[in-house]
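In case you want the letters, here they are:
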Amino acid sequence: MKWFELPTPCYVIEEGLIEDNLKILRGVMERTGARILLAQKAFSMYALYPLIGEYLCGATASGLYEARLCAEEMCRPLAASGRKPENHIFSPAYRQQDFDEILEYCDHIVFNSWKQVEKFGIQAKAAGKNIGLRINPECSTQEGHAIYDPCAPGSRLGVTKEKFAEGAEKPVFPAKKAGSAAQRRSEKSREPENLLQMLDGLHFHTLCEQDSDALEKTLDAVEERFGEYLPGMKWINFGGGHHITREGYDIPRLERCIRRMQEKYGLTVYLEPGEAVALNAGFLVCSVLEIQGENAILDTSAACHMPDVLEMPYRPVLQGSGQPGEKPFTYRLGGPTCLAGDIIGEYSFGTPLKEGDRLVFEDMAIYSMVKNNTFNGMPLPDIVLRDKAGEYRTVRQFGYGDFKMRL
């Protein structure tokens, strides 16, 4: 396809821009020895998983389906070339009926509470899995986005210092094993005596679209509250929210943070950014349906196709536009749904908009395809890949069946 042949609305993902981001991330890994994973919750376009798996160490999931997607679309395809991407998972609580399948896909399983470690930890260790516990360093670095702050008072995410100490020494009571008495005594000698001894690593995730100064501050809190436990661990996971590929991000400071944990405690360091993998690498192409005075109705919806515009909220960058009043003609851009607040924002243009004009919103690879919906029966945008040769290819088209099957 050519540019003018693209259906609207559609997401266009630039393979070359994704690879540019991956090269930056791989540079961090090569210089420090850290292991970086794709957080699929931000970007799950699996057509690019083989490419991502060539640069990164694997992916991390928030539940069973993402874990399976990584196994099927990244781990298995790359296994033929001798690579073995890692497949990590974290969930605030696991379902019993899912856990056997999770063990089939994942090599690292992070729990959110000591109770979850008690419930599933023995089974995971018996299956040869690395297990970790998410901690809450109680160090908020967010400004204005409480919905994304895992360290807010009353957070359900991660174990605080107080709760960690309460559970760490709790005895482990493994199920009775079959076999001879001598065999059982031998196995018992290798079993952990308390819950702390079951852990291979600690995980924290406190950042959202932030620079490495926030990570450095968080590490101070982690050491202050959990430093006594770090020497007994094999790894530490810094979670996501690191805007590593953003222009101006302080990569040298990030690398100092990584080396700090490596050199002081001998830990393998993991990071699991989502946005940084696909930051500024995707676009949402749409068309103007009608002009109603100062309102322009588009064939795309903030509520359906870019939910973070309303959830954050924020005003996405629109190519060729200016701030309200900056250029001669200002419009309020809205979607075609019945939601009165389905407004993308106010933008100004050098010439009047007209029906059929194409508009291009930037940075639409992240938290768009993974969060979109069919409210009002809105069709989902096609997903288009622009390869490094500049050719456009439709990766996925959606129709009435995709709307109906969700109901």
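In what follows, the structure referred to is the one given above.
On a predicted model such as this, the values are computed, not experimentally measured, just so you know. (Residues numbered from 1 in each chain as written. Predicted model: local features only at pLDDT ≥ 70, side-chain atom pairs only at ≥ 80, totals over all residues. Heavy atoms only, no water.)

Engineer: Just to check I follow, could you spell out the nonpolar core for this structure?
Structural biologist: One broad trend across soluble globular proteins is that nonpolar side chains are buried collectively. Ranked by internal contacts, the top residues of the largest apolar core, which has 111 residues, are F164, F238, L333 and F361. Tallying contributions element by element places helix α3 (residues 64-79) first for this core, with eight residues. In this structure F164 touches W114, L133, I135, V159, L196, L199, L202, F226 and Y229, once residues within four positions along its chain are discounted. If you look at the next biggest cluster of nonpolar residues, it comprises eight residues, including L6, F283, V285 and Y392. (Core = buried A, V, L, I, M, F, W, Y, C linked by side-chain atoms within 4.5 Å. Buried < 20%, exposed > 50% of the residue type's maximum accessible area, 1.4 Å probe, protein only. Helix = DSSP H or I, 4+ residues; strand = E, 2+ residues; numbered from the N terminus. Contact = heavy atoms within 4.5 Å.)

Engineer: I would appreciate a short explanation of the packing of α3 against helix α4 (residues 96-105) in the present structure.
Structural biologist: If you want to describe how two helices pack, look at the angle between their axes and the distance between the axes. One can describe the packing of α3 onto α4 by two numbers: an axis separation of 9 Å at closest approach and a directional angle of 25°. Between α3 and α4, the angle is such that the two are roughly parallel. Considering how the two elements wind past one another, α3 and α4 form a crossing that is left-handed. Only D98, E101, I102, E104 and Y105 of α4 make contact with α3, whose side of the interface consists of L64, A67, R68, A71 and R76. Class assignment for the residues of the contact of α3 with α4 results in five nonpolar, no polar and five charged. (Axes fitted to C-alpha atoms, helices over the stretch in contact; angles between N-to-C directions. Parallel < 35°, antiparallel > 145°, perpendicular 65-115°, else oblique. Left-handed = near helix turned anticlockwise from the far one by under 90°. Nonpolar A, V, L, I, M, F, W, Y, C, P; charged D, E, K, R; others polar.)

Engineer: I tried to follow the sheet that holds strand β8 (residues 201-203) on my own but got confused; where do I start?
Structural biologist: If you walk across this open sheet you meet the nine strands as β2-β10-β9-β8-β7-β6-β5-β4-β3, and the pairing is parallel. Where the open sheet ends on each side, the last strands, each with one partner, are β2 (35-36) and β3 (38-39). Of the strand pairs in this sheet, strand β4 (residues 58-61) and strand β5 (residues 86-90) are connected by four bridges, and their pairing is parallel. When the sheet's bridge partners are listed, G58 is paired in β5 with E86. (Pairing = 2+ DSSP bridges.)

Engineer: Got a minute to help me understand α4 in this structure?
Structural biologist: Residues spaced three or four apart along an α-helix face the same direction, because each turn holds 3.6 residues. For α4, the complete set of buried residues consists of D98, F99, I102, L103 and Y105. Around the axis of α4, the buried residues are gathered within 155° of arc, so they sit on the same side. Away from its buried face by more than 90 degrees, α4 exposes Q97, D100 and E104. Contact partners of the buried residues in α4: α3, β5, β6 (108-111) and α5 (114-126). (Arc of directions from axis to C-beta.)

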